[in-house]
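Structural features, examined
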Amino acid sequence: METLIPTINRLQEVFLTVGAEVIQLPQIVVVGSQSSGKSSVLESLVGRDFLPRGSGIVTRRPLVLQLVNVAPLQDRLKSENGHGVKQNAQSSYPGVKAEEWGTFLHCKNQIFADFQEIRREIEAETERGSGDNKGITPEPIYLKIFSPKVLNLTLVDLPGITKVPVGDQPEDIEAQVQEMILSFISNPNSLILTVSPANSDLATSDALKLAREVDPDGRRTLLVVSKLDLMDAGTDALEVLLGRVIPVRLGIIGVVNRSQHDINTQKSLEDTVRDEHAFLQRHYPSLASRAGSRYLAKTLSRLLMHHIRDCLPELKTRVTVLSAQYQARLNSYGQPVEDHSATLLQIVTKFASDYCNTIEGTARYIQTSELCGGARICYIFHETFGRTLQSIDPLGGLTELDILTAIRNATGPRPALFVPEVSFELLVKRQIKRLEEPSMRCVELVHEELQRIIQHCSSYSTQELIRFPKLHDSIVEVVTGLLRKRLPVTNEMVHNLVAIELAYINTKHPDFTDAAQVSASVNSQQAEALDGGKRWKNEKVTEERIPPAGFGSPSKSQAINLLDSAMPVSRKLSAKEQRDCEIIQRLIKCYFLIVRKSIQDSVPKTVMHFLVNFVKEHLQSELVGQLYKQGLLQELLIESQDTAQQRTEVAQMLEALKKANNIISEMRETHLW
């Protein structure tokens, strides 16, 4: 049991070397209002004057105080000379010729044998960290005191709770102090030592109020009632000390502090402890054995040891889990580059492989939130592009008047007995041309997805690229350039697909065999309509664009001007005109569907061959050809400062965790009970 507190002190030193508090270690946090007697309580535990004193906030930085029990100087000297019993590692300090001394973390290898120097160093370090404006800072000062008169303890002295800013203190000084206190006592592995003077009402104790916020059950709270000798005449604190006013789970201990006169006259702490014992015997004889500074020190040491015993299993588990996490992080940063050529080839090959695997759907990192890579390209081909083509009306934008006008324009000055084939070709080409825009848009969408795959591979697949930002940017530039070069080629081929269809209207297409039957079918339906049957299609009223067959007779006073004649009035199409329009519509629709089916099949194939597959096949060779150059190797494989710094920090943290694990493992099960 006696080795538990030194073990925690060693763990604290290990984690201080990496400047991080990833482990919440057991410790005792001292909380109290200004002038509540916190400093006197701490000094009574040490047995020496070493804390700064004055008016207002004197403690402006957390003071982490480790008390280490050592053998007396004579015993240590005998141990160094080979005489007497052998001292353990915590009791033998070769080279130190002082009975009591202190060390600061920020003063490496410097021994403070004079406790007045310790006080001055605390004041100086406070000024360096928080300035001279009475402000506070959460950065702690670490002080370790070695003495044969102390018990092994770890305490944290915090600034006293204040209400009103004094001098040039910030206006929110109260909130700052409370926030700092809460950050320490919120640690579930900490014990809370609240200090409240006996001459004030416990119901208004700010220290107890803050402790209740984080420890409502009081399982971690111990109350010290200070200044028992300053109570009004005729009153005592017996009810408070017995826990009848405010019960505290870990106990209530009364102490007598040194008065300001005792401090000014430099009354020794030995005399203070003796006078304190005499006072308790006179005024609280029934509680004298369970009160006082010495009893407080023993109680704190016992509580801390038992608390450490309870926390140690969970602490060991936490260290083990963190070790695994930091080892994984360190592995993700990789090792420093030694062979630049091999490293570059490895990264390029891995990137190219991940890029191709993302297209093929065999990537190691598969997204679940959205389609990516080959799956999205498939969606573009069969959903986006396919549905867009299916939504195009074969006769969209083509009115019966347009068809009739095209037929008449194709016959010249002579009325046509049959529907001219030229009008069909003219109109069907106009409709086929509408397939080019969605086809080009399909190429654009696939190109955009191939660009997105670059970022996907950079973020998820190739972690090495994070280490080398210049190499990452160069790879992105090379792949983007390759895609940029292939885009015009693919666009041209897709454009040619539509141009090929426009170049030759194949009326002998195998799927166009029923074209000859269209005219007969329409004629028969038209004949039925003329005999009184239903018309094959709805009758439409169209606006006649050509001049009417007859003109009204002009008045005698007006000259006849054919160019200035009135616009033709709307009329129904004649039976022959209706029949001719329906023939052309049937032919256009039939042939358009043949071409649309061909385009819907050939465009994805063209995009895959000229863009997707080409990039897959030539990506690695393009990357190697552009980047594998002796002049670029050193420059491309320069690590980012963040990566190098993070690797160093993670390595240091991992080393600290390994040391902590070894320290905890040294504890035998027999030490825990």
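Here, the structure is the one placed above.
For clarity, every value in this text was computed on a predicted model and none was experimentally measured. (Residues numbered from 1 in each chain as written. Predicted model: local features only at pLDDT ≥ 70, side-chain atom pairs only at ≥ 80, totals over all residues. Heavy atoms only, no water.)

**What about helix α2 (residues 38-46)?**
Extensive coverage of α2 is indicated by the burial of 9 of its 9 residues. Residues of α2 that are buried: Lys38, Ser39, Ser40, Val41, Leu42, Glu43, Ser44, Leu45 and Val46. Just downstream of α2 lies Gly47, where phi reads positive at about 85°. (Buried < 20%, exposed > 50% of the residue type's maximum accessible area, 1.4 Å probe, protein only. Helix = DSSP H or I, 4+ residues; strand = E, 2+ residues; numbered from the N terminus.)

**Details of the pairing of strand β7 (residues 221-226)**
Of all 6 residues that make up β7, 6 are buried, and the element is covered over most of its length. Residues of β7 alternate between two faces, with Thr221, Leu223 and Val225 on one and Leu222, Val224 and Ser226 on the opposite face, all of them buried. Inspection of the sheet shows strand β6 (residues 190-197) paired to β7 by 6 bridges, in the parallel sense. Bridge pairing in β7 places Val195 opposite Val224. Tracing the backbone out of β6, into helix α6 (residues 206-214) and back to the parallel element β7 gives a crossover that is right-handed. (Pairing = 2+ DSSP bridges. Right-handed = clockwise from strand over helix to strand, strands pointing away.)

**Regarding helix α12 (residues 374-390)**
With 17 residues, α12 extends 23 Å between its outermost C-alpha atoms, agreeing within 8% with the 24 Å of an ideal straight helix rising 1.5 Å per residue. Ile380 marks the point of greatest bend in α12, at about 35°. All of the buried residues along α12 are Gly374, Ile377, Ile380, Phe381, Phe385, Gly386 and Leu389. (Expected span 1.5 Å × (residues − 1). Bend = angle between axes of the 7 residues up to and from the residue.)

**Here we look at the packing of helix α17 (residues 469-503) against helix α19 (residues 575-627)**
Interaxial distance between α17 and α19 falls to 9 Å at its minimum, and their mutual angle equals 155°. One element, α17, and the other, α19, form an angle in the roughly antiparallel class. Crossing geometry of α17 relative to α19 is assigned as right-handed. Of the residues belonging to the contact of α17 with α19, the class tally is 23 nonpolar, 7 polar and 4 charged. (Axes fitted to C-alpha atoms, helices over the stretch in contact; angles between N-to-C directions. Parallel < 35°, antiparallel > 145°, perpendicular 65-115°, else oblique. Left-handed = near helix turned anticlockwise from the far one by under 90°. Nonpolar A, V, L, I, M, F, W, Y, C, P; charged D, E, K, R; others polar.)

**With respect to the pattern of salt bridges**
Tallied over the full model, the rule gives 22 salt bridges. For Arg128, the salt bridge is made with Glu125, and the minimal N-O distance between the two is 2.5 Å. A residue pair is termed a helical-turn pair when its members lie 3 or 4 positions apart in one helix, as Arg128 and Glu125 do in helix α4 (residues 115-130) at 3 residues. For Arg128, a relative accessible area of 54% gives the class exposed. Judged by its relative accessible area of 13%, Glu125 is buried. Salt-bridge contacts for Lys350 lead to Asp354; the nearest nitrogen and oxygen are separated by 3.2 Å. Here the residue Lys350 and the residue Asp354 both occupy positions in helix α11 (residues 340-360), the gap between them amounting to 4 residues, near one helical turn. Several salt bridges share partner residues, and in doing so they unite Arg61, Glu121, Glu125 and Arg128 into one network. (Salt bridge = Lys/Arg side-chain N within 4 Å of Asp/Glu carboxyl O.)

**What to know about the sheet that holds strand β5 (residues 153-157)**
Two strands in a sheet stick together by hydrogen bonds in their backbones, pointing the same way (parallel) or opposite ways (antiparallel). Taken together, 8 strands build an open sheet; the order of strands is β3-β4-β2-β5-β1-β6-β7-β8 and the sheet is mixed. At either margin of the open sheet sits one strand with a lone partner, and together these are β3 (101-104) and β8 (252-254). Strand-to-strand twist across the sheet, computed as the mean angle between neighbouring axes with direction ignored, equals 25°. Across 6 bridges, the pairing between strand β1 (residues 27-32) and β6 is parallel. Its bridge partner being in β6, Val30 is matched across the sheet by Leu193. Each of β1, β5 and β6 is contacted by helix α5 (residues 173-185), which is oriented at about 155° to β1, the strand it contacts most. (Contact = heavy atoms within 4.5 Å.)

**Quick notes on unusual backbone geometry**
Even without being glycine, Lys227 reaches a positive phi, approximately 60°. Among the structural elements, Lys227 can be located in the loop between β7 and α7 (238-241).

**A closer look at the packing of aromatic side chains**
A complete count under the given rule lists 6 aromatic pairs for this structure. Centre to centre, the rings of Phe424 and Tyr591 are 6.3 Å apart; their planes meet at 85°, and the pair counts as edge-to-face. Of this pair, Phe424 sits in helix α14 (residues 421-432) while Tyr591 is found in helix α19, placing the two residues 167 residues apart along the sequence. Neither Phe424 nor Tyr591 differs from the other in exposure class; each is buried. Seen in terms of ring centroids, Phe512 and Tyr591 are 5.4 Å apart; in terms of plane orientation they differ by 80°. Their pairing is edge-to-face. With Phe512 in the loop between α17 and α18 (515-530) and Tyr591 in helix α19, the pair connects residues that are 79 residues apart, well separated along the chain. Overall, the relative accessible area of 3% leaves Tyr591 in the buried class. Taken together, the aromatic side chains of Phe424, Phe512 and Tyr591 make up a single cluster linked through ring pairs. (Phe/Tyr/Trp six-rings, centres within 6.5 Å; stacked < 30°, edge-to-face > 60°.)

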